[in-house]
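# Structural overview for review
Spelled out, the chains give:
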Amino acid sequence: MQQQRYDVVIVGGGAAGLSGALTLARARRSVLVIDAGEPRNAPASHVHNYLGRESTPPGELLAIGRGEAAGYGAEIVEGRVASAERLPGDGERGFRVVTEDGRSVEARRLLVTTGLVDELPPVPGLAERWGREVLHCPYCHGHEVADRPIGVLATGPLAVHQALMWRQWSEDVTLFRHTGPEPSDEEYEQLAARGVAVVDGEVAGLEVADDRFTGVRLASGRVIAREALVVQARFTARSAALESLGLEPVAQEMGGVVIGSYIPADPTGATEVPGVWAAGNVTRLTDQVIGAAAAGLMAGGAVNGDLIAEDTRLAVAARRG
């Protein structure tokens, strides 16, 4: 850290954080990005649906973003933020951010872009294949497994929805009931109409040969050949820094089913704590990379606008003496 106080400290250096840093640095703000180096999409081979950067490897996209933000003066350091607190005293003092290794820095405003953690169902082998053949988002990975045998692991009420969704990308889709609820008569009819097979019984593990996923192994010992497996991960916001400021994560529902937790923020990213913004998956669980980048831009602009208002208040007070 090259200085002790910045206009803005950004916690998290993914697409949202780097986009916010680029925006603020171009607005001639002093910006520090503290990044723990744990991007959610690290297991994936490529980023998709990012206009102008389609199929870019995640690490390459981050390197490009770091270079662009640094080119306008943003400072980017490695570190994990342990806590953040409002500075004592009257007026608009700002915040102190403390990293796990004991470093501290002050900021007039905070932008938190720490993302989320994908919590996978407890089936042996899922974590090792996550982002490769174990998938969750058809828009992220559907094209890459199109026309191949796809399995859908049921762990909750959204499994039928997932199976019907993935049927768009392949005619060979199998729904593994596993621990999910039994489909209704209407859902069974929908699955049959779309040619989706349904297999009863719990899944015990994955079959892998030559570092390639080849099938699903049931508790009965039966193996069903598949080349991709869709799961419903729980999306849990990385919210520790925001919680240290008094913000609490809330449940995110989809179709009446809780799919994860997030920190509420308004459309610009402003949280309930004045001076603190959030952007990306920490506050919008279903954003893809391009959406997170857009949210970082929006939040960066809002933060700069808020700083302009404060600069103006301070200038007026100084002028009045």
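For the structure itself, consult the block above.
All of the points below concern the structure found in this document. Everything numeric in this text was worked out from a predicted model, so none of it was measured. (Residues numbered from 1 in each chain as written. Predicted model: local features only at pLDDT ≥ 70, side-chain atom pairs only at ≥ 80, totals over all residues. Heavy atoms only, no water.)

### Quick look at a negative patch on the surface
- Taken together, the side chains of Glu-182, Asp-185, Glu-186 and Glu-189 make up a negatively charged region of the molecular surface.
- For Asp-185, the location among the structural elements is in helix 6 (residues 185-193).
- Classification of Asp-185 as exposed rests on a relative accessible area of 69%. (Patch = residues over 30% accessible without salt bridge, like charges linked within 9 Å, V, L, I, M, F, W, Y side chains within 5 Å. Areas by Shrake-Rupley, 256 points an atom, 1.4 Å probe, with all protein chains shown as cover. Salt bridge = Lys/Arg side-chain N within 4 Å of Asp/Glu carboxyl O. Lys, Arg positive; Asp, Glu negative; His and termini not counted. Charge placed at Lys NZ, Arg CZ, Asp CG, Glu CD. Helix = DSSP H or I, 4+ residues; strand = E, 2+ residues; numbered from the N terminus. Buried < 20%, exposed > 50% of the residue type's maximum accessible area, 1.4 Å probe, protein only.)

### As for unusual backbone geometry
- Its identity as a non-glycine residue notwithstanding, Asp-147 has a phi of 65°, on the positive side.
- Residue Asp-211 is not a glycine yet carries a positive backbone phi of 60°.
- Structurally, the position occupied by Asp-211 is in the loop between strand 12 (203-208) and strand 13 (213-218).

### Examining the packing of helix 1 (residues 15-26) against helix 8 (residues 289-320)
- Helix 8 packs onto helix 1 with a crossing angle of 35° between their chain directions and a minimal axis gap of 7 Å. Considering how the two elements wind past one another, helix 1 and helix 8 form a crossing that is right-handed. Where helix 1 abuts helix 8, its residues Ala-15, Ala-16, Ser-19, Gly-20, Thr-23 and Leu-24 lie against Val-289, Ala-292, Ala-293, Gly-296, Leu-297, Gly-300, Gly-301, Val-303 and Asn-304.
- Residue composition of the contact of helix 1 with helix 8, by class: eight nonpolar, seven polar and no charged. (Axes fitted to C-alpha atoms, helices over the stretch in contact; angles between N-to-C directions. Left-handed = near helix turned anticlockwise from the far one by under 90°. Contact = heavy atoms within 4.5 Å. Nonpolar A, V, L, I, M, F, W, Y, C, P; charged D, E, K, R; others polar.)

### So, the sheet that holds strand 14 (residues 223-225)
- Spatial ordering of the open sheet is given by 12-13-14, a layout of three strands whose pairing is antiparallel. Two strands lie at the open edges of the sheet, namely strand 12 and strand 14, each paired on one side alone. Here the average twist between neighbouring strands, direction ignored, is 30°.
- As defined by bridge partners, strand 12 adjoins strand 13 across five bridges and the pair is classed as antiparallel. For Glu-207, the partnering residue across the bridge sits in strand 13 and is Gly-215. (Pairing = 2+ DSSP bridges.)

### As for the pairing of strand 3 (residues 75-78)
- Residues Glu-75 and Val-77 point to one face of strand 3 and are all buried, whereas Ile-76 and Glu-78, pointing to the other face, are not buried.
- Pairing of strand 2 (residues 31-35) with strand 3, which is carried by four bridges, proceeds in the parallel orientation. Note on strand 3: the bridge partner recorded for Leu-32 is Glu-75.

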